[in-house]
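Descriptive structure summary
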Amino acid sequence: MADVKTEAPPANTPPKRPRGGAPEFGPQRKLTSGGILALVIKVVLLGIIDALAIFGLYVLIGKGDWVAAALLLAVVGLVNYIYLKPGVLPAKYLTPGLFFLAIFQVFVIFYTGYISFTNYGDAHNSTKEDAIAQIVRTSQERVPDSPAYAVEVYKQADQFGMLVAEPGGGTAFGTNEQPLEDASSAPDGWDKLNLNQVLRFQDEVLALNVPVSDDINDGTLRTPDGTTAFVFTSTLEYDEAADAFTNTETGVVYADDGEGNFRAEDGQALTPGWRVVIGWDNYAYAFTNEQIRDPLIRVTIWTFAFAFLSTILCFALGLFLAIVFNHPTLRGKKIYRILVILPYAFPTYLTGLVWAGMLNQEFGFINEVLLGGANIPWLSDPWLARLSVLLVNMWLGYAYMFLVCTGALQSLPDDVIEAAKMDGAGAWRIFRSIKLPLLFVAVAPLLIATFAFNFNNFAVIFMLTGGNPRFPDTTLPIGATDIMITMVYKIAFGSGGGRDYGLASALSILIFIVVAIIAAISFRSTKSLEDLH
Amino acid sequence: MKVNKKSALAISALIAGSALVLSGCASGGGDNGDNGGDNEDTTPITVWVDIERKPALEPISKQFTEETGIEVKLVTKDFATVDQDFISQVPTGKGPDVIVSPHDKLGAYYAAGVVAPLELGDVADGFSEASLAAVTYDGKVYGVPYSVENVALVRNVDLVADPAETYDEVIANGKAAGTTYPFLVGLSPEQGDPYHLYPFQTSFGSAVFAQNADGSYDSSQLVLGDEAGQEFATWLGTQGAAGTGVFNANIDGDKAREFFLAGESPYYLTGPWNIPAIAEAGINYAIDPLPSAGGEEAKPFVGVNAFFLSSKSTNALAATNYIVNYLSTEEAQLSLFEVGGRPPALISAYEAASADDPDVAAFGAIGQTGAPMPAIPEMGSVWSDWGNAELQIIKGEGGEPAEIWTKAAANVQASIDG
């Protein structure tokens, strides 16, 4: 690469050289580091990226999103730099990978972390401007038993007005500034809007607020659909300078409480609220709310037990079958192997529901057919439900372990085993001292990954038991088979008051930390296995 | 970076390329710009609807487009999660203008600020009182209702010929019919089913929240655990595994339907959604009000389906026109009835539908005296503990029914208080 710069001038050599001449071919190839085609492809690809980036910048700056625009500029600048500058070869290969890592992993974790410090949720899911607009909108009330007026909308320059048919039979005209006045038609210079024009100016038409009389308390005429108007009065008034709403009837002031709500002194808040950063409140809630804290301990223990036992059981059964089907004298291996892999082909969501039906206490296949009409509460007794979850998860997961173990067993070196046989080791001894340790080298990282997967195995728990049977001593809908991720789901999304993304993110971050620690410790300790080699 | 020929070439190509792409964008965008034509540049109305109801909305939408020139885009959404999508997408500006939704989600919509109030004007007079009350929140109407649904007692006429007067009579008839089950209702083996059991509960005079004078629910007054509720709980205990065993927590919705279709029970407490299957199975059925078990009238929950307007609709005027003036017509309501089989909310449409269809008339008559399902956000905190208490009582576990009941009510109160 380093010589490209010095060799660059020949790139411009006029095409008088004979084509394909052997002596010239060598240096010509060299000077473009991969041929002219590669250069063209590179330039075109970069051109596309840059064009998209410029378009993106155009949109982002138009929206006033300066942070994202700066970030985009920096990233695209860096990409251009890396691919145009000769010499930074490792960066050229690493950039795409790092780029996707940043988008799909780092960004997600940081964004979740950010959300966990906000009050983002169903009741606080937009901006303050939206909240104010919505509060103003819902505080408009039609004057009881007031008539409906047929209206026509008129426009002069950028002013709008409406001509209404009064209930008495007369007509009147008014605008935002000028209260309704009797008039047989619209004043000169005003043009009637047809439906399409009304739609084009719908924001202005919807904002048209014609006072019924000089007294504002009589209400204003508004038209929600451009053809009919009603008299509305408003009970809440927004004061921009004070940043507060005042109830015109009771005089109660609702001020910004700094936590995303307009709140009166007696604690009553106006709906909806908006999204703000609230610091560590979500984390504090998870640790101080006794309805969460106490069950959280039991759920955590069960989560570890579930993930650990699931992994071990799946591995044990998978390995056992792999050894059996790997036996040289066994006939019909292929058919057995296909049968064993079958559960792997079913989606968890489906099997969860099917198993729930089969484990029904009275009508389920297991009790009724297999156990001859036994009445075993598989899913409603806490310990049996836990056992059922483990067994179903084993049924779902052993095929994967079988595949992995079959592959690993077949790759074990025959000479070592031969040598062990020569030394007089029995089958069990060979398995325990040679096959298993060698197997672990290949399988241990997968076991850790499986453990991490089962730690967050939402689908099997949710579809099979839904976390039930419930704990009797908490008001939260948490039960004996809930693992941490389903508990998070229920606390943040399932109970009253709508979904709470902030709390869900905080709990997810806690789980992420736990999983990350386990994974780090496990991978560190598996290194010792590699000493066997 | 030292500028050499190669990078100079690359950069100029890059600039040329991006200029090309940009100019392409600019000219592409220019076509949609303001060209002043009267018949152009109207934004279409986007409606989120489930797959079942979509065909019913098509003729109405076509008529609307013909008369106003505004397109209506019907977008099919999964009905199980549509309310959550609506709440999370409206604030981003990506939500629809109009959504079709059950009314009991209104409280959540209101709390999230994603629905706009509607002024129905004279149109309101055409709707049944219960359906309007269902779409009213805090004194304002938020939706145009189109159907009303509730459960009723479906009877297999070949097994029991005449309607019963009391619940005890129902069970006696059921036993006399000699079938496997005297009475069927679908319950979830894990979560119970307060919705289906609610008419039994109201027959003891027990409700969930207290009602204000105007029929709206008072979220500050949970009355679930009151004396009437405890009475219901005690009675429920006598019907469960520890008593007669009529209520069986292992019979879920699918099993209950299967057994009724197989003629294994003369009675089945269910809603209009199961009637097509029952008719198809060739069962000679009748629809009765559920007889009282506790002495008072058995009122089922009434659910109303309605059209709501998004608070961030950029096409609010046209959408309001569509909802208020087109979807409230008898024609629209009847065409919705034809696909869903649920009694229309518009009185004139209901009358027309029930004249042709005795099932609609029967369900509708029972629904008229029913209790609208509370549309307050606090309802979200109720179901889990409530259902679980019923489940425990039916299974005969966990002690005295009345105690289980009051404990569940206390739990609900605690989770409402947060």
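For the structure itself, look to the data block above.
The paragraphs below set out a description of the structure included in this document. Quick caveat: nothing in here was measured; it's all calculated off a predicted structure.

Digging into the packing of helix 7 (residues 194-202) of chain B against helix 8 (residues 227-239) of chain B
Residues and elements named next belong to chain B. The geometry of helix 7 relative to helix 8 is characterised by a closest axis approach of 10 Å and an angle of 115° between their N-to-C directions. The orientation of helix 7 with respect to helix 8, classified from their angle, is roughly perpendicular. Helix-helix and strand crossings are classified by hand; for helix 7 and helix 8 the assignment is right-handed. Of the residues in helix 8, those touching helix 7 at L197, F200 and Q201 are F232, W235 and L236. Partitioned by chemical class, the residues of the contact of helix 7 with helix 8 number five nonpolar, one polar and no charged.

Notes on the packing of aromatic side chains
Taken as a whole, this structure holds 57 aromatic pairs over all chains when the rule is applied. A ring pair is formed by Y344 of chain A and Y400 of chain A, whose centres lie 6.1 Å apart and whose planes are at 35°; its orientation type is tilted. With a gap of 56 residues between them, Y344 of chain A in the loop between helix 11 (333-341) and helix 12 (348-358) and Y400 of chain A in helix 14 (residues 382-410) connect regions that are remote in the sequence. Relative accessible area serves as the criterion here: at 41%, Y344 of chain A is assigned to the partly exposed category. Residue classification places Y400 of chain A among the partly exposed positions, given a relative accessible area of 26%. Summarising the aromatic geometry, the rings of F458 of chain A and F462 of chain A are spaced 4.8 Å apart at their centres and angled 20° between planes, so their arrangement reads as stacked. Here F458 of chain A and its partner F462 of chain A are both found in helix 17 (residues 458-464), four residues apart, which amounts to about one turn of the helix. By relative accessible area, which is 26% here, F458 of chain A ends up partly exposed. One aromatic cluster in this structure is built from Y167, F183, F200, F204, F232, W235, F247 and W405 of chain B. R275 of chain A extends its terminal NZ or CZ atom over the ring of Y120 of chain A, reaching a point 4.0 Å from the ring centre. Over the ring of F471 of chain A we find R298 of chain A; its NZ or CZ atom is 4.2 Å from the centre of that ring.

Here's the deal with the sheet that holds strand 12 (residues 285-288) of chain B
Residues and elements named next belong to chain B. Strand order across the open sheet formed by four strands is 8-11-7-12, with mixed pairing between neighbours. Here the strands that pair on one side only, and so sit at the sheet edges, are strand 8 (184-185) and strand 12. In this structure, strand 8 lies alongside strand 11 (residues 267-270), joined through two bridges in parallel fashion. Bridging across to strand 11, V185 finds its partner in L269.

What counts and what doesn't
Along every chain, residues carry numbers that run from 1 in the direction the sequence is written. Written order decides the labels, with chains lettered from A and ligands numbered from 1. A pLDDT threshold of at least 70 governs which residues receive local features in this predicted model, and a stricter bar of 80 or more applies before side-chain atom pairs are shown or counted, although totals over entire chains, interfaces and linings include all residues. Computation of side-chain values covers all heavy atoms of the structure but excludes hydrogens and water. Here an axis means a line fitted to C-alpha atoms, over the contact stretch when the element is a helix, while the angle between two N-to-C directions is reported on a 0 to 180 degree scale. Helix numbering and strand numbering both begin at the N terminus, where a helix is a DSSP run of H or I of at least 4 residues and a strand a DSSP run of E of at least 2. For classification, angles of less than 35 degrees are called roughly parallel, those exceeding 145 degrees roughly antiparallel, those between 65 and 115 degrees roughly perpendicular, and all remaining angles oblique. Left-handed describes a crossing whose near helix is turned anticlockwise from the far helix by less than a right angle; the clockwise case is right-handed. The contact rule is simple, with two residues in contact once any of their heavy atoms fall within 4.5 Å. Only Asp, Glu, Lys and Arg are considered charged, only Ala, Val, Leu, Ile, Met, Phe, Trp, Tyr, Cys and Pro nonpolar, and every remaining residue, Gly among them, polar. Stacked, tilted and edge-to-face are the three classes assigned to paired rings of Phe, Tyr and Trp, where Trp is represented by its six-membered ring and a pair needs centres within 6.5 Å; plane angles under 30 degrees give stacked, over 60 edge-to-face, the rest tilted. Only protein chains enter the calculation, and the probe is 1.4 Å; a residue is then buried if its accessible area is under 20% of its type maximum, exposed if over 50%, and partly exposed in between. In this scheme, Lys NZ or Arg CZ marks a charge over a ring once it lies within 6 Å of the ring centre and within 35 degrees of the ring normal. Pairing between strands is defined by DSSP: at least two bridges between them are needed.

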